[in-house]
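What follows is the residue order along each chain.
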Amino acid sequence: MNIIDIIIDKGISYIENEPMSAHTTFKIGGAADVLVTVRNIDELKATVDACKDCGVPYMILGNGSNLLVSDDGIEGAVISLDGDFKEITVDGTVITAGAGAKLSRLCTVALENGLTGLEFAYGIPGTVGGAMYMNAGAYGGEMKDVALSVTALNSDGEIVEVPAAELEMGYRTSVFKKNNSIILFSKYKLNNGDKTAIKAQMDDVMNRRKTKQPLEYPSAGSVFKRPEGAFAGTLIEQCGLKGKTVGGAQVSEKHAGFIINIGGATCDDVMGLVALIQETVKRETGFELEREIIRTGR
């Protein structure tokens with residue numbers, strides 16, 4: 001049996017040759033061989049086992065908000081988490097969220113329950129799983145500040161709960177970037193707060209995003225990690241690269257830390273612009289910019 005036969009036999013939802021441009025915030029990317037949507041742990045394990053048995057590469061797709069997919073698409077299976085993986089529950093000051101839940105919804109649930117600590121994350125356009133994988137952060141906060149534990153499916157097919165102390169969360173990194181485990185659910189410890197004050201802080205964060213970031217264009221957020229002692233966007237602007245264009249990819253004139261898709265941009269366009277930025281900034285300032293967005297695919 002091939003992987004499609006196994007997925008059909010298990011009653012798992014799938015689409016063959018699905019354009020990834022429809023599943024990334026950059027609106028860029030060729031087709032995945034197969035996009036599989038799993039609704040619970042059993043379906044996820046069955047899909048991963050099928051991939052391993054058939055020698056098919058696989059990757060987990062979140063909101064596609066930090067992803068640049070090759071114009072030639074993705075070989076193998078792209079797995080999307082739905083159903084149980086989008087559930088969010090509250091127990092006192094502890095929130096448990098599925099990896100497929102939107103981070104913005106997690107923030108809203110916290111607000112609805114008068115819980116403070118996640119305001120910084122409001123407006124980050126990712127899923128809970130992606131946010132933990134990258135230790136997403138903004139405006140002085142990071143996911144590691146509120147994380148209690150993560151439940152994951154490890155490379156041996158076992159479900160394990162990893163406490164915060166073992167998550168190895170640092171600047172845009174976590175233990176999951178190197179151990180091949182799949183994040184299933186995360187727990188967060190928040191504090192009781194005033195709903196009015198929480199909402200005001202969330203509104204402030206969102207207004208700052210709208211004012212400073214080019215949210216009106218497809219992008220993958222900040223392209224580069226923050227170099228020590230400087231800010232990527234400031235360095236890029238100092239080098240006169242605002243508005244610089246390669247094909248349909250452009251350095252945002254609103255925020256130089258963003259590359260935007262102004263229409264018909266390809267993966268090659270973006271990577272060409274990334275290389276030009278890195279070379280120029282290195283030559284003119286001495287700083288080496290490290291890419292934050294993940295390039296994947298063929």
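This text gives an overview of the structure that appears in the document.

1. Overview of the overall build of the chain
Broken down by element type, the chain carries 8 helices and 19 strands. The C-alpha radius of gyration of the chain comes to 20 Å, within 12% of the 19 Å expected for a compact globule of 298 residues. Counting only C-alpha atoms and orienting by the principal axes, one finds that the chain spans roughly 55 × 50 × 30 Å. Put simply, the chain has 298 residues, and 49% of those count as buried. The long-range share in the chain, meaning contacts at least 24 apart out of those at least 6 apart in sequence, stands at 66%.

2. Concerning the packing of aromatic side chains
Here the distance between the centres and the angle between the planes together describe a pair of aromatic rings. Evaluated as defined, the whole model comprises 1 aromatic pair. Considering the side-chain rings of Phe85 and Phe185, the 5.8 Å spacing of their centres and the 25° angle between planes classify their relative orientation as stacked. Note that Phe85 is positioned in the loop between β5 (74-81) and β6 (88-91) and Phe185 in strand β13 (residues 182-189), a separation of 100 residues in sequence. A relative accessible area of 21% means that Phe185 is categorised as partly exposed. Taking the ring centre of Tyr171 as reference, the NZ or CZ of Arg226 above it sits at 4.8 Å.

3. Brief notes about helix α2 (residues 41-54)
Across its 14 residues, α2 extends 20 Å between first and last C-alpha, which sits within 8% of the 20 Å expected from 1.5 Å per residue. Check the buried side of α2 and you find it contacts α1 (3-10), β2 (31-38), β3 (58-61), β5, β11 (147-153) and β13. One side-chain oxygen at the N-terminal end of α2 lies 3.2 Å from the backbone nitrogen of Asp42; it belongs to Asn40. Residue Gly55 follows α2 closely and has a positive phi angle near 65°.

4. Re the layout of surface pockets
If you add up the space inside the second largest pocket, you get close to 300 Å³. Gly62, Asn63, Ser80, Lys86 and Lys102 are the residues nearest the centre of the second largest pocket, which is lined by 18 residues in total.

Cut-offs used in this document
Residues numbered from 1 in each chain as written. Predicted model: local features only at pLDDT ≥ 70, side-chain atom pairs only at ≥ 80, totals over all residues. Heavy atoms only, no water. Helix = DSSP H or I, 4+ residues; strand = E, 2+ residues; numbered from the N terminus. Rg over C-alpha atoms; globule rule 2.2 N^0.38 Å. Buried < 20%, exposed > 50% of the residue type's maximum accessible area, 1.4 Å probe, protein only. Contact = heavy atoms within 4.5 Å. Phe/Tyr/Trp six-rings, centres within 6.5 Å; stacked < 30°, edge-to-face > 60°. Lys NZ or Arg CZ within 6 Å of the ring centre and 35° of its normal. Expected span 1.5 Å × (residues − 1). Polar contact = N/O pair within 3.5 Å; in protein donor to acceptor, adjacent residues only side chain to side chain. 1 Å grid on protein atoms, 1.4 Å probe; cavity = no way out; pocket = protein on both sides within 12 Å on 5 of 7 lines; lining within 4 Å. Points joined across faces, edges and corners; volume = space filled by probe spheres on them.

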